[in-house]
Amino acid sequence: MNDSRLFPRFRGIAPIRAQRGEGSFVIADDGRRYLDACGGAAISCLGHSEHRVSDAIAQQARTLAFAHPTFYTTDASEALAKELSEGAPGSLHYVLFGCGGSEQIDGTLKLARQYFVERGEPERKHFISRRHGFHGNTIGSLGMGGHVARRQPYLPMLVNGIHVSPCYAYRHQGANETDAEYAGRLAEELDQTIRAVGPETIIGFVAETISGAALGAVPPVPGYFANIREVCDRHGILLILDEVMCGMGRCGTRFACEQEGIAPDLLVVAKGLGSGYQPISATLVAKEIVETIMGGSGFFQHGHSYMAHPVACAAALEVQRVIRSDRLLDNVNRAGKSLHDAMVARFGGHEHVGDIRGRGLLWGIELVEQRETKKPFDPASRLWLKVLMAGLDHGLMCYPTGGTADGIAGDHILIAPPFNISEAEVGMLVDRLELALHDGLQRVNTPIEQCLPASRWSAA
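What this report covers is the structure whose coordinates are included nearby. (Residues numbered from 1 in each chain as written. Predicted model: local features only at pLDDT ≥ 70, side-chain atom pairs only at ≥ 80, totals over all residues. Heavy atoms only, no water.)

1. Remarks on the sheet that holds strand S14 (residues 399-402)
Part 1 of the argument: Within the open sheet, the 4 strands sit side by side as S11-S12-S15-S14. Their pairing is antiparallel. Edge positions in the sheet fall to strand S11 (353-359) and S14, since each of these pairs with one other strand and no more. Taken over all neighbouring pairs, the strand axes of this sheet differ in orientation by 20 degrees on average, direction set aside.
Part 2 of the argument: Of the pairings in the sheet, the one linking S14 to strand S15 (residues 411-415) comprises 4 bridges and is antiparallel in character. Along S15, the bridge assignment pairs Thr401 with His412.
Part 3 of the argument: Most of the contacts of helix H14 (residues 423-442) go to S15, to which it runs at about 160 degrees, and overall it touches S11, strand S12 (362-367) and S15. (Pairing = 2+ DSSP bridges. Helix = DSSP H or I, 4+ residues; strand = E, 2+ residues; numbered from the N terminus. Axes fitted to C-alpha atoms, helices over the stretch in contact; angles between N-to-C directions. Contact = heavy atoms within 4.5 Å.)

Set out below in structure tokens:
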């Protein structure tokens, strides 16, 4: 029996007890080494033993561990805000800090609403987002998202966003439809939705620049976001991009939207911002939004105790310095190409691999029962969980998820290794992923209880 007093994530699964980290590996208390191919959830961009960051944390904690943001600013928060805003696209000149992606999305939605209230447009109350989008697990962010399974238990509590189609070419682009035509069709859908609801009642459009956990690293087709930006401008609504997972270098540029040639009005980042060394998130805010609020009431009606926490800011600042000094974005693109090429060579013809997609070091593999028809596996099989457990059997931490195809059915594997992964580790990753996929598929019709090693199974 597992005697842990921690609230369990899954019934009957006793998680591995992580003892220490070493580069791209997490080492368990029994000495077993797990190659971290997902960074938890695309978080650990520097791996697990970057001493420059831990030294910065210790130094800041010794100097000033906490200063409440109502009363103080700090050198660490000021320097990190400058680091993020310099070189940011468009007029994203200001930064609002928080402690995590879900919380940050909530605060950003409130900021967007207050902006229009300050402009004398209080009738604006709606947001539009995308089906299959995931923006967090708080009540506000869950209501905004379109992840069916995660929303289902809480539907009576949610303030629901208005949802339009995702940019999901594998399943939704027509066989004879060009990228330009598909992008144009999705932009037209957004335009018609705005007109139907009433442009004067809409605050903004919220989207992940590149999808994260819900769809598995689905990038937009060329021209999609340029069209979306134009629609938002036409109706005077804000474009709010969620780069909690795909931003901060994960896709090969600091901000994923740089590759789309557009700038949002609000841009949310987290995960890789602090690389897991401290909990931290941020919203980059367009100058006009800040000037409007400061020129009106002069006060953003929002706050949390640990916003701009000095130790978290010091950690994130050092993470960004390490990425720059070690030229890790070069490796994201170099290793990302190697990883893509290796996965295509190994799985491109696999009968149960429908799609391999992504950018940089954020990749998704969509699994299907029938490749020709794109039919997903029966969701009752929980194939995604069986692949996850098989990966652990082979010393691999990957991030499979269910509900890919329609929110209920469909399975994908998300891959998001550290930015400093080596070529040898890329090869090891693909080798172990092949074993995990093979074993998971072999067990597709096996009861989940029989798929788990005894060392990680209890009757609890």
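2. As for the environment of His309
Part 1 of the argument: Relative to the elements of secondary structure, His309 occurs in the loop between helix H10 (287-294) and helix H11 (310-325).
Part 2 of the argument: Those residues in contact with His309 that sit more than four places away from it in its chain are Ala65 and Phe66.
Part 3 of the argument: Within the local environment of His309, its side chain forms a polar contact with the backbone nitrogen of Val311, the two atoms lying 3.2 Å apart. (Polar contact = N/O pair within 3.5 Å; in protein donor to acceptor, adjacent residues only side chain to side chain.)

3. Considering the sheet that holds strand S5 (residues 126-130)
Part 1 of the argument: Ordered in space as S4-S10-S9-S8-S7-S5-S6, the 7 strands form an open sheet in which the pairing is mixed. Edge positions in the sheet fall to strand S4 (92-98) and strand S6 (162-164), since each has one partner strand and no second. When strand polarity is set aside, the average angle formed by the axes of neighbouring strands in this sheet is 20 degrees.
Part 2 of the argument: On top of the sheet, helix H3 (residues 75-85) reaches S4 and strand S10 (281-286); it is set at about 130 degrees to S4, its chief contact.

4. Considering H3
Part 1 of the argument: Among the residues making up H3, those that are buried are Ala76, Ser77, Leu80, Ala81, Glu83, Leu84 and Ser85.
Part 2 of the argument: Each element contacted by the buried residues of H3 is listed here: helix H2 (51-63), S4, S10 and H11.
Part 3 of the argument: Among the residues trailing H3, Gly87 stands out with phi positive, at a value near 90 degrees. (Buried < 20%, exposed > 50% of the residue type's maximum accessible area, 1.4 Å probe, protein only.)

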